[in-house]
Amino acid sequence: MQTITRLLKREKRGISTVIVVMLSLVLIVMIVGNVVLWSYQMNQVDLERTQETLTLANVTRTEPTGISMDIKNTGAISLHIVAVWVTNSTMHQRYDADVFLNAGESTTYNRTDIEVPQNAFLAKVVTERGNLAVFSES
Amino acid sequence: MKKFFKRFLRDKRAITPVLSHLLLTVVAVAIMSLATSATFVITTNLRQTMGERVVVEDVWFNSSAGTVDVFMRNVGKADVQVSGVYVNHVGQSFNGNASRLQVNKQGWLSIACSWEAGKAYYIDIVTNRGTHIADYYKAP
């Protein structure tokens, strides 16, 4: 062991190669680590999005104006509703919303500022993760 | 002290090894900084490409304007720029505030293309990093 250490201490050849390999390894580890970490984070985002499910059970017009929506979180994670859409053949209107629902929770969401068409329409709610629930009123 | 300096200035021996070492150090530092910058650029680009997520909230076959309007929202972790729109694999012109979307922002993208009621259209929106947001939509 001592002989090897002495030899290594005396031998100066190949030092630069070792240093270059070490620095390259550091760079490679940096790149791979960064990409793997980011990939893991994005996989988490996608997984959460697939786990999120919600239903728009019923939508009714309220008097004199407005809308009432029965929303249920049927998924295993809580969700955040960020928008409500009311559409028909002549108008597609988006309204900002801010509703949080825990897993398995239901709520009736009332809005008086939403104009609902008298004829057939489609109502949609959109979550922050980008999932939609649709209800068709004919 | 003066004597030391005089001797140091007069003595020309071992100048070449010092210079060569100095040059080698400069070259090594330059190459390493170049490699580090390249690493940073490569990983940033990869992260941005992997972090692109866009959802289509609504598609409106607008009969009054004669366009197909797509409402998009950026739910990813990188800003998005739309570079091309294809309807049934044919490139179409487009405009609207959704052609550039920051993180958590949304907007309409108006596609100038004629459509017929009852027909299904394959709308493919491509970002400048190559992400495709594509699906079939039926005109009402």
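Reading the values: the criteria
Every chain is numbered on its own, with residues counted from 1 as its sequence reads. For naming, the first written chain is A and the first written ligand is 1, with later ones following in the order written. Residue-level local features of this predicted model are given only where pLDDT is at least 70; pairs of side-chain atoms are given and counted only at 80 or more, and the full residue set underlies all totals for whole chains, interfaces and linings. We call two strands paired when DSSP finds no fewer than two bridges between them. Under the DSSP-based scheme used, a helix requires at least four consecutive residues in state H or I and a strand at least two consecutive residues in state E, with every element numbered from the N terminus. A fitted line through C-alpha atoms serves as each axis, taken over the contacting stretch for helices, and the angle formed by two N-to-C directions is quoted from 0 to 180°. For every domain, the bounds stem from an assignment made automatically or drawn from a database. By definition, residues are in contact whenever their C-beta atoms, placed on the basis of the backbone, come within 7 Å of each other. Each residue gets one of three labels, nonpolar for Ala, Val, Leu, Ile, Met, Phe, Trp, Tyr, Cys and Pro, charged for Asp, Glu, Lys and Arg, and polar for the others, Gly among them. Buried means a residue has 20 or more other C-beta atoms within 10 Å of its own C-beta, exposed means 12 or fewer, and partly exposed covers the counts in between; C-beta atoms are placed from the backbone.

1. Focus on the sheet that holds strand E4 (residues 92-101) of chain A
All names here are of chain A.
Reasoning step 1: One open sheet holds the four strands; their spatial order is E4-E3-E6-E7, and the pairing between them is antiparallel. Looking at the sheet topology across the chains shown, the edges are occupied by E4 and strand E7 (132-137). Averaged over all adjacent pairs, the angle separating strand axes in this sheet is 20°, with direction ignored.

2. Comments concerning the sheet that holds strand E2 (residues 67-73) of chain A
Residues and elements named next belong to chain A.
Reasoning step 1: The strand order E1-E2-E5 describes an open sheet built from three strands, whose pairing is antiparallel. Here the strands that pair on one side only, and so sit at the sheet edges, are strand E1 (54-61) and strand E5 (106-111). The mean angle between the axes of side-by-side strands here comes to 20°, regardless of whether they run parallel or antiparallel.
Reasoning step 2: Bridging between E1 and E2 involves seven bridges; their strand directions are antiparallel.

3. Side note on the domain arrangement of chain B
How large an interface is tends to be reported as the accessible area lost when its parts come together.
Reasoning step 1: The domains assigned to chain B are domain 1 (2-49) and domain 2 (53-138).
Reasoning step 2: Summarising the inter-unit geometry, the C-alpha centres of domain 1 of chain B and domain 2 of chain B are found 51 Å apart.

4. What about the interface of chain A and chain B?
Reasoning step 1: Opposite the 18 residues of chain A that make contact, chain B presents 17 residues.
Reasoning step 2: Listing elements by their share of the side of chain A that touches chain B, those giving two or more residues are helix H2 (15-51), strand E3 (79-87) and E4 of chain A.
Reasoning step 3: No other element matches the nine residues that H2(A) contributes to the side of chain A that touches chain B.
Reasoning step 4: Each residue belonging to the side of chain A that touches chain B can be placed in one class, and the counts come to ten nonpolar, six polar and two charged.

5. Overview of unusual backbone geometry
Reasoning step 1: With an omega dihedral of -5°, the bond running from A:Glu63 to A:Pro64 counts as a cis peptide bond.
Reasoning step 2: Within the fold, A:Pro64 resides in the loop between E1 and E2.
Reasoning step 3: With a phi angle near 65°, B:His89 is a residue other than glycine that sits in the positive phi range.
Reasoning step 4: Counting through the fold element by element, B:His89 comes out in the loop between strand E3 (80-87) and strand E4 (90-95).
Reasoning step 5: For B:His89, a count of 7 C-beta atoms within 10 Å corresponds to the exposed category.
Reasoning step 6: You will see that B:Asn104, though not glycine, has its phi angle at about 70°, which is positive.
Reasoning step 7: Relative to the elements of secondary structure, B:Asn104 occurs in the loop between strand E5 (100-101) and strand E6 (106-112).

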